[in-house]
Amino acid sequence: MNSNWMLFLHSLFLLPGAFFAPIIHEWTKARVSSVLGDNTPKRGGFMTMNPLKFFEPIGFFMMMYFQVGWGQPVPTSPLQYKDRRKGVLLTYSVPIVVNLLVGMVTIALITWFELPLRMAVNDATGGAEWAHMLLIIVWNMIYQFGRLNIILAVFNLVPIYPMAMNKLAGLFLSPENYMKLTQREKLLQMFLFLALVFGIVQTIVFPIANIFIQAVSF
């Protein structure tokens, strides 16, 4: 199997997760913020089931080539929450938990049913090579969907915009220190991009994500 074919398969495996994991994150954020009384997501058109509304090209590119990225950030207005601190905490932490749960449940199911599924496909197709190859492709796409959801959950703990921890940091830092973090946002984003390109972020995020993956792999 030549390198071009391997590269195509690798991209194919990552495609569903790279597209949908950030969308799941931002869609959840819009719902949570809205439930807490914030009408900003609705006014921005984010209370929709259309996944393209949450699609962000650069974040998708990063997910495809570096396996860490982001979706279209959903705007929120903490001033509209009855309890600002609780509202921010829920709005930006629940999507992380959702990505983590979606990823862990997906991997648990796909690994649990791998052997029975292989046997069923083999019996139904008489061991046809094409069926075996199709099963491998579908299995890997589902597995990577789960894996990228977990990776995105961990990556959102980086306190740099547009990651969720950037907003959550304001709950734990003093106003002065949070202001300094905000003022250095562009510089931090540049460092984050370079750290992604050179694989520094991945060497930290991937091992943490693998802990969750191994915990549900049978």
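Scroll up for the structure.
Conventions we followed
- Residues numbered from 1 in each chain as written.
- Predicted model: local features only at pLDDT ≥ 70, side-chain atom pairs only at ≥ 80, totals over all residues.
- Heavy atoms only, no water.
- Helix = DSSP H or I, 4+ residues; strand = E, 2+ residues; numbered from the N terminus.
- Salt bridge = Lys/Arg side-chain N within 4 Å of Asp/Glu carboxyl O.
- Buried < 20%, exposed > 50% of the residue type's maximum accessible area, 1.4 Å probe, protein only.
- Phe/Tyr/Trp six-rings, centres within 6.5 Å; stacked < 30°, edge-to-face > 60°.
- Axes fitted to C-alpha atoms, helices over the stretch in contact; angles between N-to-C directions.
- Parallel < 35°, antiparallel > 145°, perpendicular 65-115°, else oblique.
- Left-handed = near helix turned anticlockwise from the far one by under 90°.
- Contact = heavy atoms within 4.5 Å.
- Core = buried A, V, L, I, M, F, W, Y, C linked by side-chain atoms within 4.5 Å.

### Regarding unusual backbone geometry
Inference 1: The omega torsion of the bond from Tyr 161 to Pro 162 falls at 10 degrees, within 30 degrees of zero and hence cis.
Inference 2: Topologically, Pro 162 is positioned in the loop between helix H6 (129-155) and helix H7 (164-168).
Inference 3: One non-glycine residue, Gln 67, lies in positive phi territory at about 65 degrees.
Inference 4: By the element assignment, Gln 67 lies in the loop between helix H3 (57-66) and helix H4 (84-112).

### With respect to the pattern of salt bridges
Inference 1: Inspection of every chain in the model, using the stated rule, returns one salt bridge.
Inference 2: One salt bridge in this structure joins Glu 26 and Lys 29, with 2.9 Å as the shortest N-O distance. Separated by three residues within a single helix, Glu 26 and Lys 29 lie in helix H1 (residues 3-35), roughly one turn from each other.
Inference 3: A relative accessible area of 2% means that Glu 26 is categorised as buried.
Inference 4: On the basis of relative accessibility, which here comes to 4%, the residue Lys 29 falls in the buried class.

### Section: the packing of aromatic side chains
Inference 1: Inspection of the entire model under this criterion finds eight aromatic pairs.
Inference 2: Ring geometry for Phe 19 and Phe 20: centres 4.8 Å apart, planes at 85 degrees, overall edge-to-face.
Inference 3: Centroid distance Phe 61 to Tyr 65: 4.7 Å. Interplanar angle 35 degrees. Geometry classified as tilted. In this pair, Phe 61 and Tyr 65 are both assigned in helix H3, four residues apart and thus about one turn of the helix distant.

### Focus on the packing of helix H5 (residues 114-125) against H6
Inference 1: One way to put it is that H5 packs onto H6 with a least axis distance of 10 Å and a crossing angle of 150 degrees. What the angle tells us is that H5 and H6 run roughly antiparallel. Crossing geometry of H5 relative to H6 is assigned as right-handed. In contact with Glu 114, Leu 117, Arg 118, Val 121 and Thr 125 of H5, H6 contributes Trp 130, Ala 131, His 132, Leu 135 and Trp 139.

### Structural notes on the nonpolar core
Inference 1: One finds Val 68, Phe 155, Leu 196 and Val 205 to be the most contacted residues of the largest nonpolar core, which totals 43 residues.
Inference 2: At the level of elements, H1, H3, H4, H6, H7, helix H9 (185-197) and helix H10 (200-216) are the ones that each hand at least two residues to this core.
Inference 3: In terms of residue count, the dominant contributor to this core is H6 (nine residues).
Inference 4: Residue contacts for Phe 155: discarding those within four places in its chain leaves Val 68, Gly 69, Trp 70, Met 163, Leu 192, Leu 196, Val 201 and Val 205.
Inference 5: In this structure, Ala 30, Phe 46, Phe 54 and Val 74 belong to the second largest nonpolar core, which totals five residues.

This is a description of form; function is not addressed.
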